[in-house]
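For reference, the chains in residue letters:
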Amino acid sequence: MKAIVYNKYGSPDVLNLREVDKPIPEDHQVLVKIHAGSLNYGNLVLLKGEPFLARFAFGLLKPKYPIPGGDIAGRVEAVGKDVKQFQPGQEVFGDLSRAGWGGFAEYVSVPESALALKPENITFEEAAAVPMAAVTALQGLRDKGKIKAGQKVLINGASGGVGTFAVQIAKAYGAEVTGVCSTRNLEILRSIGADHVIDYTKEDFTEKGQKYDLILGVNGHHPISAYKRSLNANGNFVHVGGSGAQLFQTMTLGPWFSLTGRNKMSSLLQRQNQNDLIYIKELLEAGKVKPVIDKTFKMSEVEEAFKYFEQGHAQGKVVITV
């Protein structure tokens, strides 16, 4: 089969399209013929081996997983004898980040817990855009943020992959949602249901005096004290992405602020979770959430796709067709 392979950390030019052996599913695995995948921040970590601490999980001197790619959508080709949830011919989507990665290939064998049935009302490309980003948004809002109907929720960095899902999921929970983005993305946020939009190139939401019950930090460079200033009493701040300095402050100062005040300030490390993916599937089927796709690249164009993605300005998701 064809696959994207790399054997050293570096820039996107270390990625190569090669012929490799087609995997054979083990007893507990599902063999999926992949139709599409998508890029997430984790793909850049795998590619570059940065931050360095990530190498203890992904390979200290060279990549532990030679075929990158976490989000996939495709069709079940075969199943091992112990697989109970899936049958050949079914359309599925999933997150391979805890199952050996390997999504940028024509086939992959993975445990059934990494997959869910694909919603029938979306394409393979749309389904591939969903798993990591949507589950990250869900876990940040629901599990860390304790979102409730009627709350005022702000999404900082609302126009990227996680952000566009966060806006829609927060609306599905009945929140009043404010999205922060650049000028060119304002209409995208309005189109997916944001109640209010703030153009960060023209105004700083932390200086406006508006208070929020929950802030999801998907991108940005504000110090944690600025986020705290924008929270209501008992409000939550959840760091999902952004500058390294912001993450460091959230991990070091966040627990202190949480202990000494009424606000909760924490960071999220997304975990692959089949039940969460099934919940997102139900939102997709109900039309409450829809993937926003910026650009689609062929597998032979994966180097270009990575270069585009690492610029950090994608409107929604970047998808790879296989």
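For the structure, see preceding data.
Bear in mind that the values here come from a model prediction, so they are computed numbers and not experimental data.

Got a sec to walk through the packing of aromatic side chains? Specific residues and values, please.
One pass over the structure, following the stated rule, counts six aromatic pairs. Residues Phe104 and Phe306 carry aromatic rings whose centres are separated by 6.2 Å and whose planes lie at 90° to one another, so their mutual orientation is edge-to-face. Of the two residues, Phe104 is situated in the loop between β5 (91–95) and β6 (107–111) and Phe306 in helix α11 (residues 302–309); the sequence distance between them amounts to 202 residues. The residues Phe104 and Phe306 share a single accessibility class, namely buried. The ring of Phe124 is capped by Lys118, whose NZ or CZ atom sits 5.2 Å from the centre of that ring.

Let's hear about the packing of helix α4 (residues 131–144) against helix α5 (residues 161–172): which residues, and what values?
For the pair α4 and α5, interaxial distance at closest approach is 8 Å and the crossing angle is 50°. Regarding the angle of α4 to α5, the classification is oblique. For the crossing formed where α4 meets α5, the hand is right-handed. Touching Ala133, Ala134, Thr136, Ala137, Leu138 and Leu141 of α4 are Gly161, Val162, Phe165, Ala166, Ile169 and Ala170, all from α5.

How would you explain the pattern of salt bridges if you had to name every residue and give the values?
Scanning the model with the defined rule gives 16 salt bridges in all. Asp82 serves as the salt-bridge partner of Lys81, at 3.3 Å between the closest nitrogen and oxygen. Judged by its relative accessible area of 65%, Lys81 is exposed. Residue Asp82 is classed as partly exposed on the basis of its relative accessible area of 36%. Residues Glu91 and Lys118 are paired through a salt bridge, measuring 3.3 Å at the closest nitrogen-oxygen approach. In this pair, Glu91 is assigned in strand β5 and Lys118 in the loop between β7 (115–117) and α3 (124–128), connecting sequence segments 27 residues apart. We classify Glu91 as partly exposed; its relative accessible area is 28%. Residue class for Lys118 comes out buried when judged on its relative accessible area of 6%. Overlapping salt bridges, with partners in common, bring together Asp27, Lys81 and Asp82 in one network.

Each value, and the rule that gives it
- Residues numbered from 1 in each chain as written.
- Predicted model: local features only at pLDDT ≥ 70, side-chain atom pairs only at ≥ 80, totals over all residues.
- Heavy atoms only, no water.
- Phe/Tyr/Trp six-rings, centres within 6.5 Å; stacked < 30°, edge-to-face > 60°.
- Helix = DSSP H or I, 4+ residues; strand = E, 2+ residues; numbered from the N terminus.
- Buried < 20%, exposed > 50% of the residue type's maximum accessible area, 1.4 Å probe, protein only.
- Lys NZ or Arg CZ within 6 Å of the ring centre and 35° of its normal.
- Axes fitted to C-alpha atoms, helices over the stretch in contact; angles between N-to-C directions.
- Parallel < 35°, antiparallel > 145°, perpendicular 65-115°, else oblique.
- Left-handed = near helix turned anticlockwise from the far one by under 90°.
- Contact = heavy atoms within 4.5 Å.
- Salt bridge = Lys/Arg side-chain N within 4 Å of Asp/Glu carboxyl O.

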